[in-house]
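What the coordinates show
One letter stands for each residue in the lines below.
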Amino acid sequence: MKINPRFFIIPALVAGLQAATAADITGTITLSGTPPEAQVIDMSSQPACASLHTEPLKTQFYVTGPNHELKDVVVYLKNVTGKSTGPSAPPLLLDQKGCEYIPYVSAVQTGQKILVRNSDPAAVPLHNVDVTPTAEGNKPINKAQMTGASDIEISFPTAENFVRFKCDVHPWMFSYVTVVDSPYFSMSAKDGTFKISNVPPGKYTVEALHRKAGKVDKEIEVKDTNVKLDFTLEVPAGK
Amino acid sequence: MARSVNNPWLSRYALFTAIATLALIALGGVVTSKDVGMAVPDWPNSYGYNMFLFPVSKWAGGVLYEHTHRLVATVVGVLVVALTRWTCGRIACKPLIVIGLLELGAGFGMLHYYPALKGAGYFMSGIGVVVLLAGSNWFQNKPAAPLVQKLAWLAFALVQIQGLLGGLRVVLHDDSIGIFHAALAQLFFVLLCAIALCTSRWWGNLSSAFAPVADNHGLRRLLLVTTLLIFGQLILGATIRHQHAGLAIPDFPLAYHKIWPPMDAASVSLYNQQRVDAADPNPITALQIGLQMAHRLFALMIFCAVVLCAWATRRYLGARHPLAKFSLGWVGLIFLQIVLGAVTIWSNKAADIATTHVVVGALSLANGALLTVVSFRVLISPCVAVQTSTTPASSPAPSGQPATSAK
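Counting restarts for each chain, with residues numbered from 1 along the sequence as it is written. Key to labels: chains lettered from A, ligands numbered from 1, both in the order written. For this predicted model, a pLDDT threshold of at least 70 governs which residues receive local features, and a threshold of 80 or more governs which side-chain atom pairs are given and counted, while totals over whole chains, interfaces and linings are taken from all residues. Hydrogens and water are ignored here; the side-chain numbers use all heavy atoms of the structure.

Regarding the overall build of chain A
- A count of helices and strands for chain A gives 2 helices and 17 strands.
- Dimensions of chain A, computed from C-alpha atoms along their principal axes, come out at roughly 70 × 55 × 35 Å.
- Evaluated residue by residue, chain A yields a buried proportion of 47% over its 239 residues.
- Put simply, 64% of the contacts in chain A that link residues at least 6 apart link residues at least 24 apart.
- When charges are counted, Lys and Arg are positive and Asp and Glu negative, with His and the chain ends excluded. Note on charges: their place is set at NZ of Lys, CZ of Arg, CG of Asp or CD of Glu. Measuring between centres, the 23 positive side-chain charges of chain A sit 5 Å from its 24 negative side-chain charges. Helix and strand assignments come from DSSP, with helices taken as H or I runs of at least 4 residues and strands as E runs of at least 2, each series counted from the N terminus. The rule is simple: take the accessible area with a 1.4 Å probe, protein chains only, and divide by the maximum for that residue type; under 20% is buried, over 50% is exposed, in between is partly exposed. Every residue pair with non-hydrogen atoms within 4.5 Å of one another is taken to be in contact.

A closer look at the packing of aromatic side chains
- Between 30 and 60 degrees the pair is tilted, below 30 it is stacked and above 60 it is edge-to-face, where a pair is any two Phe, Tyr or Trp rings, Trp via its six-membered ring, whose centres lie within 6.5 Å. By the definition in use, this model includes 13 aromatic pairs over all chains.
- Aromatic pair Phe194 of chain A and Phe231 of chain A: ring centres 6.2 Å apart, planes at 50°, arrangement tilted. A residue pair is termed long-range when its members are at least 10 positions apart, and Phe194 of chain A in strand β13 (residues 193-199) and Phe231 of chain A in strand β17 (residues 231-234) qualify at 37 residues.
- For Phe231 of chain A, a relative accessible area of 1% puts it in the buried group.
- With 5.4 Å between their ring centres and 40° between their planes, Tyr13 of chain B and Trp86 of chain B make a pair best called tilted. Within this pair, whereas Tyr13 of chain B is found in helix α1 (residues 8-33), its partner Trp86 of chain B is found in helix α2 (residues 62-88), the two being separated by 73 residues in sequence.
- Residue Tyr13 of chain B is classed as buried on the basis of its relative accessible area, which comes to 17%.
- Its relative accessible area of 25% is what places Trp86 of chain B among the partly exposed residues.

Considering the packing of α2 of chain B against helix α6 (residues 175-198) of chain B
Residues and elements named next belong to chain B.
- Their axes nearest at 13 Å, the elements α2 and α6 cross at an angle of 35°. Taken as a pair, α2 and α6 cross one another with a handedness that is left-handed. For the pair α2 and α6, the contacting residues are His69, Val76, Val80 and Leu83 in the first and His181, Phe188, Leu192 and Ile195 in the second.
- Its residues placed into classes, the contact of α2 with α6 shows 6 nonpolar, 2 polar and no charged. Fitted lines through C-alpha atoms serve as axes, helices being fitted only where they are in contact, and the angles separating the N-to-C directions of these axes extend from 0 to 180 degrees. Each crossing gets its hand from how the near helix is turned against the far one by less than a right angle, where anticlockwise is left-handed and clockwise is right-handed. For this scheme, ten residues count as nonpolar: Ala, Val, Leu, Ile, Met, Phe, Trp, Tyr, Cys and Pro. Four count as charged, namely Asp, Glu, Lys and Arg, and the remainder, Gly too, count as polar.

What about the confidence of the model for chain B?
- Across chain B, the average pLDDT comes to 91, with 93% of residues at 70 or higher.
- Values of pLDDT, which run from 0 to 100, indicate the predictor's confidence residue by residue. Confidence drops under a pLDDT of 50 for residues 393-407 of chain B, and excluding neighbours within four residues, the segment shows 10 contacts in the predicted structure.

Digging into the pairing of strand β10 (residues 160-166) of chain A
Residues and elements named next belong to chain A.
- Counting buried positions over the 7 residues of β10 gives 6, a clear majority of the element.
- Sheet topology note: the strand β7 (residues 126-131)/β10 ladder contains 2 bridges and is antiparallel. Bridge pairing in β10 places Val131 opposite Phe165.
- Pairing between two strands requires that DSSP report at least two bridges joining them. Two elements, β10 and strand β11 (residues 174-180), share 5 bridges in a ladder whose sense is antiparallel. Its bridge partner lying in β11, Arg164 is registered against Tyr176.

As for the domain arrangement of chain A
Residue and element names in this part refer to chain A.
- Segment limits for the domains were obtained from an automatic or database-derived domain assignment. Split into domains, chain A comes out as domain 1 (20-80 + 189-239) and domain 2 (82-183).
- Residue-level contacts link 18 residues of domain 1 with 22 residues of domain 2.
- The term buried area refers to how much accessible surface (probe radius 1.4 Å) is lost by two components on association, counted for both of them together. Roughly 1,700 Å² is buried in total at the junction of domain 1 and domain 2, and carbon and sulfur atoms are behind 69% of that figure.
- Should a side-chain nitrogen of Lys or Arg be within 4 Å of a carboxyl oxygen of Asp or Glu, the pair is scored as a salt bridge. Between domain 1 and domain 2 we count 0 salt bridges in total.
- Whenever two N or O atoms come within 3.5 Å, that pair is a polar contact, provided that in protein one can donate a hydrogen and the other can accept it, and provided that, for residues adjacent in sequence, both atoms are side-chain atoms. The tally of links from domain 1 across to domain 2 stands at 5 residue pairs in polar contact (both at pLDDT 80 or more).
- Counting residues per element, the ones that place at least two in the side of domain 1 that touches domain 2 are α2 (47-50), β2 (74-77) and β14 (202-210).
- When grouped by side-chain class, the residues that make up the side of domain 1 that touches domain 2 number 11 nonpolar, 4 polar and 3 charged.

Structure representation (structure tokens):
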């Protein structure tokens, strides 16, 4: 039976209209206060790792720009759930390179694939990928990954902040992945900027979340034009 | 026939096995202190290799500690199986052969029918072979005292349970098993020390060297309760360590600059935000802060209890009595333990200090346990003492005569 093409006109019009009215939320994240200094990571017990770096590795709790811009902030629509397109989204690559995880902080959708790769040379013979989520439904994983082994595929069905990836062989190696239940999220870059694309019109709570600087929520309304939204996070008060 | 009874070599071997166990506890302590318990994700293999064939070139970082811990655990397992055979004599051969065959069968069964239990299957098969070999040798030796045989069989069971627990902790990714594994290790060490004591010449001569005395002041109970307090403290310590949350309280003797730290949600969130440790441990929780405070208070209680034991034994038994002497040593151990606990915090949980704290804890527990065991041999209930002293002259001389009558 031949389907009349006219049946598709209205849905296409609606989708087009939505795309036409969707807007981006952009902004800059800055840090208020003086963060603690980054610590040099001691790799002296593992010369094979130390030799892969021309400069010593440092902790990345606060990565800031010259004007206090803050990197590694997860910005997402807090009150939007159940809209994940994770299974069809491109996978996130977590690379173990130079005995560190790259990137250190990232975000994915629920159901989105994470590929953990070991790109280190044979001189660094092995890593283990030790993942310890806490949200119900997200299972802990601990797998060996020798040099040249195939990528380890992981996905999480439940939203969770900062799921920890760790290598127990190299105790300074960490990565944190925030799992969000919608496609409306972004990570701030080194210049502090972020962009959440194609947000449908509506009222939203936008949360900016950092591992150490805490979180800030803001209410916005998205109509048919892009929205500019800046955040300032604070270094926690001293002891 | 060689005799196990009063065989000094058996006692020395038991002591050697106990020392090897203490070394194993120290290694396990290093694994937890450095938070590398999951560095070898599979068990009993190591990164797919047979654990005895794992190339040394791959013993990198955390793998070095975890893998060495497993190898030494295997050695201790073999030592304990041999100890059991020796202690229980030739009559142990048949039960060992039966157990070995059962374990071998169970291991093969798991490998073939329960692939999910593959690790346990390899483990059971391996240990089954060792047990079978122990039961199949021709050495003719008489068993040790019946009580010591029972202790040896208990050690035989416990060492295998410990091995299984250690493996399951890894494959099931379960910290609560790790806590149980740590606590059982302490009990196992105490058991081996007890076997070494009870097979020693010193123990054999104890009754004749020190005539049993009425325990009019509850010394046995005091020693037992103090030892149990120490065991409770060790469980607390194991629970704290296996949270993998680093130092829940980073200062001492205060706690977050206060006598009692704030434990509300906002304060705990602030503590976590302010932590910028390169080791990046798990987040602190209010429970962990509570456990740490309980651990500190317990330490104070234990110190007072041990000082009381030292005072009471010296007061009522005399300074030259072994209970008094070893109680004094116990005070020294607990004092050292408190210092190590403080230094653990001041050094931001340096692995070597934290591990030494674990080892001294094990020694403190063993000291208390052995003191308690000795006290039950040299002290008798006041009721029994009264009955003994009122025995008519025509009756045979009761046991517990003064030392002068002993050979």
